[in-house]
Amino acid sequence: MPFPIYVIGSSNTDMVIKTERLPVPGETIMGGSFMMNAGGKGTNQAVAAARLGGHVTFVGCVGDDSFGHATIEQLTKEGIQTEFVQVDIQQPSGVALINVDANGENSIVVAPGANASLLPDRLEEFFNQLQRPAIVLVQLEIPIITVEYIIQQCAVKSIPVILNPAPARPIRDDLLPYLYAITPNESEAELLTGIPVNDTNSAVKAAQILHRKGVSKVIITRGKNGAYWSDGKSTGKVPSPIVHAVDTTAAGDCFNGAVAVALSESFSLPEAVAFACKAASLSVTRMGAQPSLPTRKELAQFKSVHHHE
Ligand code: RIB
């Protein structure tokens, strides 16, 4: 039986406009197309994991408004457990304004709203009930104090935590030894280690620094250049399948949801990274955050050709 996966994090409604290029400050660009869809790093990762076959519970906080109600309804439709989703009647649900250019690159502004209300006291009941075996997946779109609390509580219960340190924010070094795995992208890896990460050599160095700080497994995602992984003894790099990128939003979320599913099914680390690279590549071929996330069946049918750095 695969382990249950608990994704603790944010949910947003994404307002997305696709245009040729991203605007510069003060500029208006006409002629874009608009879509509104479910997003937020926490729920994106939960939905990615559920579509790929994980047994998923989402833990987060929404506002008492139409976006918040729609979020809970959507998660339920995806087969995700929502009994630990809280409603803050004083805050609006999270919203993200996203611009996507012709190459699929984006810029995102987030108004966290109720996501910022997910403080440790809202998780006490959840941790009272949480039991092994389980995997916890968490990101940095909720208060840092809550992320620290989650890592500490999971350490007490010997439950593995995967930290996706996105969006890039500093975290306390003394918490790193309690992580099962960390999954930064290149810029997040730079923030955590102080060295620019832009090729395999620098990814190797960054992973070594993170191991020295006590992290057991490091996975550095490198977009179309794939991912580098290290467990301190073995290391490897996995290429990304070549795809036509339409929208890279939530590619990292798809990767993390996929890693959680693979580990919940006891895949080895390199197998988990390969599974996640394939899922994330497929997600960038489609617009939107949650609309782009593939199912296990779609992944099985995805025939891929690989990049070599
Ligand atoms: O990682 C992508 C997500 O970041 C978007 O869905 C947006 O909501 C922001 O949280």
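See the structure shown above.
Residues numbered from 1 in each chain as written. Predicted model: local features only at pLDDT ≥ 70, side-chain atom pairs only at ≥ 80, totals over all residues. Heavy atoms only, no water.

Of note, the bond from Arg132 into Pro133 is cis; its omega dihedral lies within 30 degrees of zero at -10°. The residue Pro133 is located in the loop between α3 (124–129) and β8 (135–138) in this model. Here the bond from Ala166 into Pro167 is cis, since omega is -5°, no more than 30 degrees from zero. By secondary structure assignment, the location of Pro167 is in the loop between β9 (161–163) and β10 (181–182). In this model, Ser158 sits at a positive phi of 50°, which is unusual for a non-glycine residue. Looking at where Ser158 falls in the secondary structure, it is placed in the loop between α4 (144–156) and β9. Assessed through its relative accessible area of 45%, Ser158 is described here as partly exposed. (Helix = DSSP H or I, 4+ residues; strand = E, 2+ residues; numbered from the N terminus. Buried < 20%, exposed > 50% of the residue type's maximum accessible area, 1.4 Å probe, protein only.)

Buried residues of helix α5 (residues 186–193): Glu188, Ala189, Leu192 and Thr193, and no others. Viewed along the axis of α5, the buried residues span an arc of 120°, placing them on a single side of the element. Those residues of α5 that are buried are in contact with β10, α6 (200–212) and β11 (217–221). Measuring from the side-chain oxygen of the N-cap residue of α5 to the backbone nitrogen of Ser187 gives 3.2 Å; that N-cap residue is Asn185. Once α5 ends, the next one or two residues include Gly194, with phi positive near 85°. (Arc of directions from axis to C-beta. Contact = heavy atoms within 4.5 Å. Polar contact = N/O pair within 3.5 Å; in protein donor to acceptor, adjacent residues only side chain to side chain.)

A few words on the environment of Pro25. Structurally, Pro25 is set in the loop between β2 (12–18) and β3 (33–39). A sequence separation of 65 residues divides Pro25 from Gln90, and the C-alpha atoms of the two residues are 32 Å apart.

Here the focus is the pattern of salt bridges. For the coordinates displayed, the defined rule picks out 9 salt bridges. Two residues, Arg286 and Glu298, come together in a salt bridge whose shortest N-O distance is 3.1 Å. Here Arg286 is found in the loop between α8 (269–283) and α9 (296–301), whereas its partner Glu298 is found in helix α9, with 12 residues between them in sequence. Owing to a relative accessible area of 30%, Glu298 belongs among the partly exposed residues under this scheme. Each of Glu148, Arg172 and Asp174 takes part in one network of salt bridges that share partners. (Salt bridge = Lys/Arg side-chain N within 4 Å of Asp/Glu carboxyl O.)

Now for the nonpolar core. Judged by nonpolar contacts, the single largest core of 42 residues is most densely connected at Val56, Ile80, Ile162, Ile219, Phe255 and Val273. Broken down by secondary-structure element, the contributors of at least two residues to this core are β1 (5–8), α1 (41–51), β4 (56–63), β8, β12 (227–230), α7 (251–264) and α8. With 9 residues, the single largest contributor to this core is α8. Setting aside chain neighbours within four positions, we find Ile80 in contact with Ala46, Val47, Ala50, Val56, Thr57, Phe58 and Leu75. Residues Phe84, Phe127, Val161 and Leu192 belong to the second largest nonpolar core, which totals 41 residues. (Core = buried A, V, L, I, M, F, W, Y, C linked by side-chain atoms within 4.5 Å.)

What surrounds the ligand is the set Asn12, Asp14, Gly39, Gly40, Lys41, Asn44, Ala96, Glu141, Thr249, Ala250, Asp253 and Ala289. Asn12 has a polar side-chain atom sitting 3.0 Å from an oxygen atom of the ligand. At 2.5 Å, a side-chain N or O of Glu141 approaches an oxygen atom of the ligand. Here the ligand has 280 Å² of accessible area as a free molecule, and 96% of this is covered by the chains. Here the residues of the shell around the ligand sort into 3 nonpolar, 5 polar and 4 charged. (Near = heavy atom within 4 Å. Areas by Shrake-Rupley, 256 points an atom, 1.4 Å probe, with all protein chains shown as cover. Nonpolar A, V, L, I, M, F, W, Y, C, P; charged D, E, K, R; others polar.)

This next bit is on the pairing of strand β13 (residues 235–238). Here β13 shows one buried face, formed by Gly236 and Val238, and one open face, formed by Thr235 and Lys237. In this structure, β12 lies alongside β13, joined through 4 bridges in antiparallel fashion. When the bridges of β13 are listed, Ser230 appears paired with Thr235. The turn joining β12 and β13, which pair antiparallel and follow one another in sequence, is formed by 4 residues; a positive phi near 95° is taken by Gly232. (Pairing = 2+ DSSP bridges.)

This is a description of form; function is not addressed.
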